[in-house]
Amino acid sequence: MKTRSLLGVFEEDATAISNYMNQLYQAMHRIYDAQRFPLGGDDEVMSSTLQQFSKVIDELSSCHAVLSTQLADAMMFPITQFKERDLKEILTLKEVFQIASNDHDAAINRYSRLSKKRENDKVKYEVTEDVYTSRKKQHQTMMHYFCALNTLQYKKKIALLEPLLGYMQAQISFFKMGSENLNEQLEEFLANIGTSVQNVRREMDSDIETMQQTIEDLEVASDPLYVPDPDPTKFPVNRNLTRKAGYLNARNKTGLVSSTWDRQFYFTQGGNLMSQARGDVAGGLAMDIDNCSVMAVDCEDRRYCFQITSFDGKKSSILQAESKKDHEEQRHESLRPAAGQSRPPTARTSSSGSLGSESTNLAALSLDSLVAPDTPIQFDIISPVCEDQPGQAKAFGQGGRRTNPFGESGGIIKSETEDSILHQLFIVRFLGSMEVKSDDHPDVVYETMRQILAARAIHNIFRMTESHLLVTCDCLKLIDPQTQVTRLTFPLPCVVLYATHQENKRLFGFVLRTSSGRSESNLSSVCYIFESNNEGEKICDSVGLAKQIALHAELDRRASEKQKEIERVKEKQQKELNKQKQIEKDLEEQSRLIAASSRPNQASSEGQFVVLSSSQSEESDLGEGGKKRESEA
């Protein structure tokens with residue numbers, strides 16, 4: 001027990017020595033690193049300033065290099081050796097001694113549990129051997145451990161004194177070198193430093209004066225900006241912004257009726273509204289504002305509040321601007337796409353019936369040349385129980401036919417679609433349609449999408465009619481998903497252009513070229529916009545495939561008609577040839593009969609007679625009939 005108590009004292013001392021030596025090692029390492037710091041450095045300004053006393057700096061650097069080497073050899077090496085070798089050896093021996101003690105205690109416990117009544121020589125021998133081995137191992141480990149602890153009492157004195165001795169010797173040597181090398185040039189060195197410091201001070205005073213003047217000018221110029229709501233006559237609203245950034249108050253609902261307002265920095269990036277909280281290094285996505293709706297709202301009796309709603313109406317956010325100017329600019333900026341935003345060149349479009357054909361450059365055309373301003377927009381399709389409109393009936397080839405209101409498609413429609421090779425059905429939602437000026441470039445569809453989505457957002461129209469779009473080789477049909485009534489039919493030859501949205505692939509549209517009025521030469525174009533379930537590109541591909549199949553079918557039909565026409569001409573020519581041959585044969589027969597009639601053809605005694613041809617007999621009959629009529633007259 002006394003040994004254990006004494007061992008605890010030595011272990012506490014070893015732990016204290018270890019902690020102290022770690023701290024001493026860190027302190028001396030800092031001293032060593034400080035001596036290694038290069039005074040010249042890579043700073044160009046300092047290098048140019050210190051050029052006039054570079055010799056002094058070089059000598060001082062060499063002195064520090066010598067000091068660094070001496071500190072490494074005389075101070076860092078002894079303490080490192082003591083820390084890495086001696087202290088680690090103590091810790092290792094402590095762990096080994098602890099393990100040996102635990103093994104000995106376990107062996108003693110097993111030996112103590114030997115049975116008194118049922119003695120087993122084999123078990124007793126094994127347990128006794130185990131106690132012998134563990135006790136011997138503990139004793140050997142304990143002797144080495146105690147020897148190391150006793151030795152540590154001497155080594156700690158050496159480890160404490162030797163680094164300090166090395167440090168003092170290195171510093172004395174450094175000071176001796178400095179006194180020998182710098183005594184002669186000390187005055188010149190101090191004079192040069194004083195001159196440099198004065199020059200730097202004069203430059204600093206000049207810069208401070210310039211900065212003070214700049215601050216005064218900025219204070220005068222920025223005085224109107226300190227007002228939270230500046231005068232709109234002095235700071236008019238800029239409606240041509242492509243980007244907007246500033247602080248807004250965002251409303252966050254914390255309960256059914258309670259809410260909080262957080263002030264954050266917002267900025268637009270592309271078609272996204274980004275927000276960045278204080279302390280964040282970058283902004284995060286707050287909302288996709290592409291084709292969103294922005295309108296002023298009254299919220300909790302706060303001024304300049306507006307609500308941003310996504311184009312599908314699923315997400316909205318209420319924000320508050322600081323001033324009326326920011327309020328108007330935020331509303332205008334959120335509705336308008338970023339300028340200069342390029343459209344992807346891989347848009348799936350079709351013109352004149354070819355999918356993905358190269359379109360002409362419309363850089364010089366304005367948006368007014370694509371879609372006429374103030375053009376009325378139709379947000380819903382025609383009811384299936386109503387009579388088709390005259391213009392649409394003529395355009396779609398359905399004049400005079402009423403849509404079946406009883407949920408069954410007519411026999412004519414069924415016969416038209418059953419013969420089609422292609423049948424593809426898609427779920428779509430009608431967004432709107434409007435008349436366009438041009439139908440030869442996909443920008444027409446893009447601009448129509450923008451205007452229809454903006455109009456829906458402005459008027460808060462979120463309801464959309466869902467239909468099934470049937471794509472065949474003859475037409476496109478909008479079918480009621482519940483009653484299976486055909487709502488609209490678009491003849492495929494009239495679909496001259498189709499495209500998907502550049503970014504939102506759910507949106508797609510097509511342009512239908514129709515004849516307005518009774519004159520077929522007076523053509524008009526209407527663009528229809530739909531939303532699908534991420535199938536915009538697939539629908540455009542299907543329409544393109546249908547047009548290609550229809551084109552090949554039309555070519556095959558024309559070739560078949562041409563072949564039939566050729567066969568009819570050949571048949572007619574054959575009939576004419578046969579008729580001509582028959583006429584020639586009859587003429588030849590008549591000539592032979594005439595030649596035979598010129599000879600005496602009386603009947604012989606043997607009963608011979610002359611056989612006349614059918615034509616001659618007819619002529620003879622006619623001749624006899626004529627003679628009879630003359631005699632009767």
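Residues numbered from 1 in each chain as written. Predicted model: local features only at pLDDT ≥ 70, side-chain atom pairs only at ≥ 80, totals over all residues. Heavy atoms only, no water.

Student: I'd like a description of the overall build of the protein chain, backed by residues and values.
Tutor: Summing up its helical and strand segments, the protein chain has 11 helices and 17 strands in all. Here the protein chain holds 633 residues, and the buried ones make up 33% of them. Here the contacts in the protein chain between residues at least 6 apart in sequence split such that 64% fall between residues at least 24 apart. (Helix = DSSP H or I, 4+ residues; strand = E, 2+ residues; numbered from the N terminus. Buried < 20%, exposed > 50% of the residue type's maximum accessible area, 1.4 Å probe, protein only. Contact = heavy atoms within 4.5 Å.)

Student: Kindly report on the packing of aromatic side chains, identifying the contributing residues and their values.
Tutor: Within the structure shown, the criterion is met by 13 aromatic pairs. Both rings, one in Y145 and one in F146, keep their centres 6.3 Å apart while their planes meet at 35°; by these two values the pair is tilted. According to the relative accessible area criterion, Y145 is buried, its value standing at 1%. Among the residues examined, F146 registers a relative accessible area of 23% and is labelled partly exposed. Taking the centre distance of 4.9 Å and the plane angle of 65° together, the rings of F490 and Y528 count as edge-to-face. Highlighted residues: F490 in strand β14 (residues 486–491) and Y528 in strand β17 (residues 523–532), separated in sequence by 38 residues. Each member of the pair, F490 together with Y528, is buried. Every member of this aromatic cluster is reached through a ring pair, and the members are F430, F490, F508, F510, Y528 and F530. (Phe/Tyr/Trp six-rings, centres within 6.5 Å; stacked < 30°, edge-to-face > 60°.)

Student: Give me the lowdown on the side chain of S275, citing residues and values where you can.
Tutor: Structurally, S275 can be placed in strand β3 (residues 272–276). Aside from chain neighbours lying at most four places away, what touches S275 is Q264, F265, Y266, G283, G284 and A286.

Student: For the pairing of β3, give the residues involved together with the corresponding values.
Tutor: Bridge count between strand β2 (residues 259–269) and β3: five bridges; the pairing is antiparallel. Bridge pairing in β3 places Q269 opposite N272. Between β2 and β3, which pair antiparallel and follow one another directly, the connecting turn spans two residues, one of which, G270, has a positive phi of 65°. Across four bridges, β3 lies against strand β4 (residues 284–288) in antiparallel orientation. (Pairing = 2+ DSSP bridges.)

Student: Help me get a handle on the sheet that holds β3, residues and values and all.
Tutor: Strand order in the open sheet formed by seven strands is β4-β3-β2-β1-β7-β6-β5, and the pairing between neighbours is antiparallel. Across the chains shown, the open sheet's two edge strands, defined by having one partner strand only, are β4 and β5 (293–296). Averaged over all neighbouring strand pairs, the angle between strand axes comes to 40°, with direction disregarded. (Axes fitted to C-alpha atoms, helices over the stretch in contact; angles between N-to-C directions.)

Student: Describe the environment of L523, naming the residues involved and giving the relevant values.
Tutor: Within the element layout of this structure, L523 appears in strand β17. A sequence separation of 10 residues divides L523 from R513, and the C-alpha atoms of the two residues are 6.7 Å apart. For L523, the residues in contact, after removing those within four places along its chain, are R513, T514 and S515.

Student: With reference to specific residues and values, describe the nonpolar core.
Tutor: Counting residues in hydrophobic clusters, the biggest one holds 27 residues, and the most contacted among them are L476, F490 and F510. Within the residue set of this core, elements represented by two or more residues are β11 (424–436), β12 (465–471), β13 (475–479), β14, β15 (495–500), β16 (507–515), β17 and α10 (536–597). Of all the elements, α10 adds the most residues to this core, at five residues. With 26 residues, the next largest nonpolar core counts I17, M28, F97 and A170 among its residues. (Core = buried A, V, L, I, M, F, W, Y, C linked by side-chain atoms within 4.5 Å.)

Student: Talk me through the pattern of salt bridges; I want residue IDs and the actual numbers.
Tutor: Here the structure, examined in full by the defined rule, presents 19 salt bridges. A salt bridge links R506 to E531; its shortest N-O distance comes to 3.7 Å. Of this pair, R506 sits in the loop between β15 and β16 while E531 is found in strand β17, placing the two residues 25 residues apart along the sequence. A relative accessible area of 4% places E531 in the buried class. Linked by salt bridges that have partners in common, R429, E466, R506 and E531 make up one network. (Salt bridge = Lys/Arg side-chain N within 4 Å of Asp/Glu carboxyl O.)

Student: Can you explain α10? Please cite residues and give values.
Tutor: Here α10 spans 91 Å end to end across 62 residues, near enough to the 92 Å set by a 1.5 Å rise per residue. If you check which residues of α10 are buried, you get G536, I539, C540, S542, V543, G544, A546, K547, I549 and L593. (Expected span 1.5 Å × (residues − 1).)

Student: Tell me about unusual backbone geometry, residues and numbers included.
Tutor: As a rule of thumb, non-glycine residues mostly have phi less than zero, and peptide bonds are mostly trans rather than cis. Of note, Y304 is a non-glycine position whose phi angle comes to about 55°, a positive value. Examined against the element boundaries, Y304 turns out to sit in the loop between β5 and β6 (305–309). Assessed through its relative accessible area of 19%, Y304 is described here as buried. The residue Q484 is not glycine, and still its phi comes out positive at about 60°. When its relative accessible area of 39% is taken as the criterion, Q484 is described as partly exposed.

Student: Before we move on, can you summarise the confidence of the model for the protein chain with the specific residues and values?
Tutor: Across the protein chain, the average pLDDT comes to 75, with 75% of residues at 70 or higher. Low confidence marks residues 383–416, where pLDDT is under 50. Its contacts with residues over four positions away, or in another chain, come to 39 contacts. Across residues 627–633 the pLDDT falls below 50, and counting only partners more than four positions away or on other chains, this stretch makes zero contacts in the model. (pLDDT = per-residue confidence, 0-100.)

Student: Lay out the pairing of β12 with the relevant residues and their values.
Tutor: Look at any regular strand and the pattern is simple: side chains alternate between the two faces of the sheet. Across the seven residues that make up β12, a large majority, six, are buried. Bridging between β11 and β12 involves seven bridges; their strand directions are antiparallel. By the bridge assignment, F430 is partnered in β12 with T465. By the bridge criterion, four bridges tie β12 to β13 in an arrangement that is antiparallel. Bridging from a neighbouring strand, H468 pairs with I479 of β13.

Student: Account for a nonpolar patch on the surface, with residues named and values stated.
Tutor: Among the surface-exposed residues, Y20, L160 and L161 lie close enough to one another that they form a single nonpolar patch of about 300 Å² accessible area. Relative to the helices and strands, L161 is located in helix α4 (residues 121–182). (Patch = residues over 30% accessible without salt bridge, like charges linked within 9 Å, V, L, I, M, F, W, Y side chains within 5 Å. Areas by Shrake-Rupley, 256 points an atom, 1.4 Å probe, with all protein chains shown as cover.)

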